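Geometric and topological summary
Here's the letter readout for the chains.
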Amino acid sequence: MKNNDNNLLRIADREFTNRFFLGTGKFRSKKDLAAAIEASGTQIVTVALRRIDLDQHEDNILEYIPKGVTLMVNTSGARSADEAIRLARLAKAAGYNPWIKIEVINDSKYLLPDNAETIKATEVLVQEGFVVLPYVSPDLYVARALVKAGAAAVMPLGSLIGSNQGLKTREFIKILIDEIELPIVVDAGIGAPSQAAEAMELGADAVLVNTAVAAAQNPSLLAKAFAQAVAAGRNAFLSGLPSVRPLASASSPLTGFLFDNPVPKER
Amino acid sequence: MSSHLRQILDDPRPEPLEELAQEAARVTRQYFGGAVTLYAPIYLANFCSSRCVYCGFSSQAKIHRRKLEPAQYRGEMAYLHDLGIRNVLLLTGESLRVTPVAYLEESARAAAEHFQGIAIEVYPMETDDYRRLFAAGVDGLTIYQETYDRARYAEVHLSGFKKDYDYRRATPARAAEAGFRQISLGVLLGLQADAAADVSALWEHLRELERAYPGVEYSVSFPRLRPIKTQEFVHGDVTDVQFIKILCLTRIFFPRVGINLSTRESAQLRDHAVGLAVTRISAGSNTAVGGYSVLGDEAQDPQFDIKDERSVAQIVQMLKTRGFDPVFTDWRNR
Amino acid sequence: MHLIINGRSQELAAVRTLQDVIETCKVANAIALLNDQVIPVSQWANTFLKDGDALELVAIVGGG
């Protein structure tokens, strides 16, 4: 059984009271980012590592992220396990929190993650003491391999990055929620708070959103809406939603043979 | 869980039963289509060193003890093969001395010449023994705990192999370790007074195994004892209605697990249970050693009395008429 | 001194240590790698460079 029966989300050695994770890419301005972090109350954000553009002076993004927020370095840009591993080691050597979101993408058309390379990178980085949260296409065998490798969570995509299509992979995410003991953090493709709520109602442990918030006209207001939706969805899940029942089909009684008379028709 | 189940079993109203049946039928159709797998048992021997109060083969029972020699069991196998059977269940009593693993291995090799699916229902053994049998062509194991209630278990298993509750309960896992692809669990309804407790315990055992060995195809069976004068060991009575509820609930909780209905049950019940929840049935069965081709008119000493005596052809006809697809071969395994 | 910084050839005058490069380029928040080794901030002033050294200057930036 998962350890998240109540509202506290435990990943590795940390606890979170807010199940809305925020990605920090693509914001029009760092002030927007700071406002979104504050408005949503998010406790964990992803950041990336990039070569510094020497011709431009960029503010240090870390100045816009409050101290208590957990930083998760995303290996975005890595096209192979080796590249992801290198980026992770870089972050660790530079003294950053060894929480890594492994994102290995070698496909510029759909930006789908390479599950096989992600498993490889997870195996290596867990051995080196990283807290690894791998981003993958939802697949039961892949998730099992990640559990075996020691991942701290599994981050299945809801739909293609930036597509705002919501839970296209709904059925497969449900399987992971049912079968995998690790926290399931739905990531990618969440375009609206209702979609985030839906993911939480299914039983996901958290949701990560980036594009939708960064591209919104009012990022901080949308970030707040997302956090509220995630909390609502979580409460709905904990409350034990009555399941949606399809209308009973009016076929002939199946159990009439057990009684002398046929079962009387309902209502 | 067992208290919820008890409430459902005791609920006398017919409407919820019908709802339950409709849902179970829907789930069965969704996951199995109309497929019903047919198989037949072959009793290789009835020598037994265990004393189980409910069994016709108990070491205390005064019956003819028989063990088939290769020519004889090949005869049984050819007979069933000619009827169209391609899945076979090889059974023996629990005697390591008379029917050791080597004997089972040889019979499995013979069976592999006639059948695509070979399962065994014999004494529990070690993982390495299962590996030997797997290499010989066996990939299915049937092993029923009979009852999960330790106290009752001790009461009905008086001596021999079967007395060890834990060894028996851990047997499915050992077979899974050895590579077995199909494992069948079961409880003997009526053995203890609280059927709900046994059914719940069986479900729990099944969930455990599903988690630990997700690559195995599981099935369950609920052989049922009815209280009759000569059977004092029957402490509970599971009525037809309750029985159907158990089958339907099992189907709903375990959409992918096969549900077996033995020939202990009447033809009428079997016919209706198929499509509600049941997806595996034996056809043309004989539960005596050498009962198909060896014994003729001699006293057969069957392990239990068969209520549904229909032939393979009759079962096939029944299934087709009701819109189901009889399946003789699971090509995946061979 | 002739250096390769982030893959580009650069001529930087009057630099002797990594610290000098950081100050010249105004990249105080960098993660610095010299010939593929991460050099901790505390070592920047003690890290002397030579002609042809390859430097990578990487930083934490926004990302998904």
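As the structure is a prediction and not an experimental result, all values here were calculated from the model.

Description of the overall build of chain B
Within chain B, the regular secondary structure consists of twelve helices and eleven strands. In terms of C-alpha radius of gyration, chain B reaches 19 Å, essentially the compact-globule figure of 20 Å for 334 residues. The principal-axis extent of the C-alpha atoms belonging to chain B is close to 55 × 45 × 40 Å. Of all 334 residues assigned to chain B, the portion counted as buried reaches 49%.

Regarding the pairing of strand β4 (residues 117-121) of chain B
All names here are of chain B. Among the five residues of β4, four are classified as buried, and the element is accordingly described as predominantly covered. Relative to β4, strand β3 (residues 87-91) is paired through five bridges, and the arrangement is parallel. Following the sheet pairing, L89 is matched in β4 by A119. On the question of chirality, the crossover connecting β3 to the parallel β4 by way of helix α4 (residues 101-112) is right-handed. Between the parallel elements β4 and strand β5 (residues 140-142), the chain passes through helix α5 (residues 127-136) in a crossover that is right-handed.

A word on the packing of helix α2 (residues 14-32) of chain B against helix α10 (residues 240-253) of chain B
Residue and element names in this part refer to chain B. At a minimum axis separation of 9 Å, α2 and α10 run at an interaxial angle of 40°. Put simply, α2 runs oblique to α10. The element α2 and its partner α10 pack so that their crossing is left-handed. Along its contact with α2, which presents L17, L20, A21, E23, A24, V27 and T28, the element α10 presents V241, I244, K245, C248, R251 and I252. Taken together, the residues of the contact of α2 with α10 sort by class into nine nonpolar, one polar and three charged.

Looking at the interface of chain B and chain A
At the interface, 14 residues of chain B touch ten residues of chain A. Counting residues per element, the ones that place at least two in the side of chain B that touches chain A are α2, α10 and α11 (267-273) of chain B. Examining the composition of the side of chain B that touches chain A, we find that eight residues originate from one element, α2 of chain B, more than from any other. Of the residues contributing to the side of chain B that touches chain A, the split by class is seven nonpolar, three polar and four charged.

Description of the interface of chain A and chain C
Facing 24 residues of chain A, the contacting portion of chain C comprises 18 residues. If you list the elements that add at least two residues to the side of chain A that touches chain C, you get β4 (44-51) and α2 (81-93) of chain A. For the side of chain A that touches chain C, the class distribution of residues is twelve nonpolar, nine polar and three charged. Relative to strand β5 (residues 54-62) of chain C, β4 of chain A is paired through five bridges, and the arrangement is antiparallel. For R51 of chain A, the partnering residue across the bridge sits in β5 of chain C and is V58 of chain C.

Some remarks on the confidence of the model for chain B
Residue and element names in this part refer to chain B. When pLDDT is averaged along chain B, the result is 91; 97% of the residues meet or exceed 70. Predicted confidence in chain B is weakest over strand β2 (residues 51-52), with a mean pLDDT of 87, and strongest over helix α8 (residues 171-177), with 98. Here the complex is predicted with pTM 0.73, and the ipTM for its interfaces comes to 0.88.

Structural notes on helix α3 (residues 115-127) of chain A
Residue pairs three or four apart in sequence face the same way in an α-helix, which turns once every 3.6 residues. Residues and elements named next belong to chain A. Taking 1.5 Å as the rise per residue, α3 with 13 residues should run 18 Å; its terminal C-alpha atoms sit 19 Å apart, in good agreement. For α3, every residue scored as buried is listed here: N115, E117, T118, I119, K120, A121, T122 and L125. Summarising the contacts, the buried residues of α3 are in contact with α2, β6 (99-102), β7 (131-136) and α4 (140-149). At the exit of α3 stands G129, carrying a positive phi of roughly 90°.

Quick notes on the rules
- Once a new chain begins, its residue numbering starts again from 1 and follows that chain's sequence as written.
- Each chain is given a letter, starting from A, and each ligand a number, starting from 1, according to the order in which they appear as written.
- Reporting in this predicted model follows two pLDDT cut-offs: at least 70 for local features of residues, and 80 or more for side-chain atom pairs to be given and counted; totals over whole chains, interfaces and linings ignore these cut-offs and use all residues.
- What counts as a helix is a DSSP run of H or I of at least four residues, what counts as a strand is a run of E of at least two, and both are numbered from the N terminus.
- Every radius of gyration here is taken over C-alpha atoms, with the globule rule written as 2.2 Å times N^0.38, N being the number of residues.
- To sort residues by burial, count the other C-beta atoms lying within 10 Å of each one's C-beta; a count of 20 or more means buried, 12 or fewer means exposed, and anything in between means partly exposed. C-beta atoms are built from the backbone.
- Only strands that DSSP links by at least two bridges are regarded as paired with each other.
- If you view a crossover with the strands going away from you and the path from the first strand over the helix to the second runs clockwise, you call it right-handed.
- Whenever a helix is involved, its axis is fitted only over the stretch in contact; in every case the axis is a line through C-alpha atoms, and angles between N-to-C directions fall within 0 to 180 degrees.
- For classification purposes, an angle smaller than 35 degrees is called roughly parallel, one larger than 145 roughly antiparallel, one from 65 to 115 roughly perpendicular, and anything else oblique.
- By the definition used in this description, the sense in which the near helix is turned from the far one sets the handedness, with an anticlockwise turn below a right angle giving left-handed and a clockwise turn giving right-handed.
- Note on contacts: residues are paired as contacts if their backbone-placed C-beta atoms lie within 7 Å.
- Following the grouping adopted for this structure description, the nonpolar residues are Ala, Val, Leu, Ile, Met, Phe, Trp, Tyr, Cys and Pro, the charged ones are Asp, Glu, Lys and Arg, and the polar ones are all others, Gly among them.
- As a per-residue measure, pLDDT tells how confident the predictor is, with possible values from 0 to 100.
- Helix span, as expected, comes to 1.5 Å for every residue beyond the first.

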